[in-house]
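Listed below are the residues making up each chain.
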Amino acid sequence: MTIVPYDEKYRDDMIFMILQAKDALGRVPRLNEDLLDIRANYLERGDEFWLALDEDGRVIGSVGYSRVPETKEAVVHRLYVKASLKHRGVGTALLQTAEEGMRRKGITLSRLHLGEPREQWFESYAFYPKHGYREIAPRCMIKEL
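A. Structural context of unusual backbone geometry. One non-glycine residue, R78, lies in positive phi territory at about 55°. Within the element layout of this structure, R78 appears in strand β4 (residues 73–81). Judged by its relative accessible area of 23%, R78 falls in the partly exposed class. Even without glycine at this site, H87 takes up a positive phi of about 65°. Topologically, H87 is positioned in the loop between β4 and α3 (90–104). Judged by relative accessible area, H87 falls into the exposed class, the value being 78%.

B. Here's a closer look at the nonpolar core. Residues V76 and Y128 are the most contacted members of the largest nonpolar core, which totals 22 residues. Listing elements by their share of this core, those giving two or more residues are β2 (48–53), β3 (59–67), β4, α3 and α4 (122–130). For this core, the element with the most residues is α3, which contributes 5 residues. Setting aside anything within four residues of it in sequence, one finds V76 in contact with V63, G64, Y65, L95, M102, S110, R111, L112, Y128 and Y133.

C. Just the sheet that holds strand β7 (residues 140–144), in detail. As summarised here, the arrangement of the 7 strands in space is β1-β2-β3-β4-β5-β7-β6, forming an open sheet in which the pairing is mixed. Edge strands, defined here as strands with exactly one partner in the open sheet, are β1 (2–5) and β6 (134–137). The average angle at which neighbouring strand axes cross in this sheet is 30°, direction not considered. Looking at chain direction, β2 and β3 are connected through 6 bridges and run antiparallel. Within β3, the residue paired with E48 across the bridge is Y65.

D. Structural view of α3. Between its first and last C-alpha, α3 extends 21 Å over 15 residues, near the 21 Å set by a 1.5 Å rise per residue. V90, G91, A93, L94, L95, T97, A98, E99, G101 and M102 are the residues of α3 that are buried. Backbone geometry just downstream of α3 places G106 in the positive-phi region, at approximately 85°.

Reading guide: rules and limits
- Residues numbered from 1 in each chain as written.
- Predicted model: local features only at pLDDT ≥ 70, side-chain atom pairs only at ≥ 80, totals over all residues.
- Heavy atoms only, no water.
- Helix = DSSP H or I, 4+ residues; strand = E, 2+ residues; numbered from the N terminus.
- Buried < 20%, exposed > 50% of the residue type's maximum accessible area, 1.4 Å probe, protein only.
- Core = buried A, V, L, I, M, F, W, Y, C linked by side-chain atoms within 4.5 Å.
- Contact = heavy atoms within 4.5 Å.
- Pairing = 2+ DSSP bridges.
- Axes fitted to C-alpha atoms, helices over the stretch in contact; angles between N-to-C directions.
- Expected span 1.5 Å × (residues − 1).

Now the structure itself:
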């Protein structure tokens, strides 16, 4: 596995992977609008977005973050891992890459928002605390970097 900064050449493969990941969780596979234009919604704003690629160059995961204006905080977005490759360290590697990117930019607090109902997001509610995140409000977790 390799983690690379987002490149437009992976756009369609990324979208396909995310829709499959949502479907595997039993959710209606809808695409969040920010994913249609990573460049405008992340990169041009000074935020970052990465993709995990397998040995064949196919997208197997994604993660990004956006800074909270006028603060040293950022929000983690779109951490997805191909369903058949979960529990193999892909999500951990992506999250660590995003956190390292945040630190390089002077961000000291990582924040994320989780979905409802909680039962549909059980993987997220189990994953993030293992990586130092703590719930501070319903559906909201933070980690000091």
